[in-house]
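# A look at the structure
Each chain, letter by letter, is given below.
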Amino acid sequence: MNRMIRKMIRPFWRMSGPIRRPLVSRFDEHVLGLLRQSQPPMPPGPPADLDLLLNSVVRELARLRAQVETLQSQIDSLESSDRDHDHDNECAACRLSVVGDIG
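Calculation notes
- Residues numbered from 1 in each chain as written.
- Predicted model: local features only at pLDDT ≥ 70, side-chain atom pairs only at ≥ 80, totals over all residues.
- Heavy atoms only, no water.
- Helix = DSSP H or I, 4+ residues; strand = E, 2+ residues; numbered from the N terminus.
- Buried < 20%, exposed > 50% of the residue type's maximum accessible area, 1.4 Å probe, protein only.
- Areas by Shrake-Rupley, 256 points an atom, 1.4 Å probe, with all protein chains shown as cover.
- Patch = residues over 30% accessible without salt bridge, like charges linked within 9 Å, V, L, I, M, F, W, Y side chains within 5 Å.
- Salt bridge = Lys/Arg side-chain N within 4 Å of Asp/Glu carboxyl O.
- Lys, Arg positive; Asp, Glu negative; His and termini not counted.
- Charge placed at Lys NZ, Arg CZ, Asp CG, Glu CD.
- Expected span 1.5 Å × (residues − 1).
- Bend = angle between axes of the 7 residues up to and from the residue.
- Axes fitted to C-alpha atoms, helices over the stretch in contact; angles between N-to-C directions.
- Contact = heavy atoms within 4.5 Å.
- Nonpolar A, V, L, I, M, F, W, Y, C, P; charged D, E, K, R; others polar.
- Phe/Tyr/Trp six-rings, centres within 6.5 Å; stacked < 30°, edge-to-face > 60°.
- Lys NZ or Arg CZ within 6 Å of the ring centre and 35° of its normal.

### Focus: the overall build of the protein
What the protein contains, in helices and strands, is three helices and zero strands. Written out in order from the N terminus, the α and β elements of the protein read α-α-α. When each of the 103 residues of the protein is scored for burial, the buried share is 2%. Within the structure as shown, the protein displays about 10100 Å² of accessible surface, and the carbon and sulfur contribution to it stands at 62%.

Spelled out as structure tokens, the structure:
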């Protein structure tokens, strides 16, 4: 049954091609335009000088780390000297203290 119906419809389908193809292509263009409008805009790609920017951030991080290590060693040396002078009854203002230790 299906084979017979297909045989009858096939010539009409082929004859409608010159009318059908432009309509289908316009419809496809219209649908694609609507889809492009509904999609969010693509984010811009990475900047060209991203490597330069990241290298400068890494250098600044290394510099800050070295500075923190220097400050930590100075704090450690002050704390050790504070322990040495603790039995000499020095004033509280001369000692290294954390907020809350002063009393």
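The rest of the description comes next.
### Focus: a positive patch on the surface
Taken together, the side chains of R3, R6, K7, R10 and R14 make up a positively charged region of the molecular surface. Note that R6 resides in helix α1 (residues 2-15). Judged by its relative accessible area of 55%, R6 is exposed.

### Focus: α1
In this model α1 runs 20 Å from its N-terminal to its C-terminal C-alpha over 14 residues, within 8% of the 20 Å that 1.5 Å per residue would give. Along α1, the largest kink reaches about 30° and is centred on I9; proline P11 follows within four residues of it. With zero of 14 residues buried, α1 is to be regarded as a mostly surface element.

### Notes on the packing of α1 against helix α2 (residues 17-38)
At a minimum axis distance of 5 Å, the contact between α1 and α2 shows a crossing angle of 65°. Contacts from W13, R14 and M15 of α1 reach α2 at G17, P18 and R20. Of the residues in the contact of α1 with α2, the class split is three nonpolar, one polar and two charged.

### Regarding the packing of aromatic side chains
Inspection of every chain in the model, using the stated rule, returns zero aromatic pairs. Lying across the ring of W13, R20 places its NZ or CZ 3.8 Å from the centre.

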